[in-house]
Amino acid sequence: MTNPDSLSFNGATWYDNDKKYQRPAFKDYLEDGTLNQNITGGWLAMLQHHFFTAWIPQKDQTAPYVLSQVAGRDLIEARGPAFTVAPGQSTSTEARLWVGPKLVNLIAKEDGPGLARVVA
């Protein structure tokens, strides 16, 4: 009880429309193989005690999510969609990055499905 870090979750978590909220611990997330899938309408986050970082892509765009281990380091990755833009044309995309504390009232404003579960 004197070491709160030992009781808190540290690891990657993500949400996709098929499997919903997923939160394996670092030591467990590679047991079933690396995550390497395209997700639409979800998000990817890294949690540590009272803080987290989340990448929240545009809801209607597909983003590749990858969890892997390189040289003994656990990695999470999300990439934005690819675009082909002709000369003289333009396009845009939107994504949000959350870096900060697990404050429920602010997290709810982000409108990410299941994002409030990072607090639990």
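Identification of the protein chain as Membrane protein insertase YidC from Rhizopus delemar is taken from an unreviewed UniProt entry. The Sequence similarities (unreviewed entry) field of the UniProt record for the protein chain holds the comment "Belongs to the OXA1/ALB3/YidC family. Type 1 subfamily." According to its UniProt record, the protein chain has this under Subcellular location (unreviewed entry): "Cell membrane".

*Asks:* I tried to follow the pattern of salt bridges on my own but got confused; where do I start?
*Replies:* Think of it this way: side chains of opposite charge can pair up when their charged atoms draw near. What the rule picks out here adds up to two salt bridges. The partner of Glu77 in a salt bridge is Arg79, and the shortest N-O contact between them spans 2.6 Å. Under the relative-accessibility criterion, Arg79 is labelled partly exposed at 43%. Put simply, Arg96 and Glu110 hold a salt bridge, and the shortest N to O gap is 3.1 Å. Note that Arg96 is positioned in strand β8 (residues 95-101) and Glu110 in the segment after α1 (104-108), a separation of 14 residues in sequence.

Basis of the calculations
Residues numbered from 1 in each chain as written. Predicted model: local features only at pLDDT ≥ 70, side-chain atom pairs only at ≥ 80, totals over all residues. Heavy atoms only, no water. UniProt positions renumbered as here; feature names shortened; annotations may be inferred. Salt bridge = Lys/Arg side-chain N within 4 Å of Asp/Glu carboxyl O. Buried < 20%, exposed > 50% of the residue type's maximum accessible area, 1.4 Å probe, protein only. Helix = DSSP H or I, 4+ residues; strand = E, 2+ residues; numbered from the N terminus.

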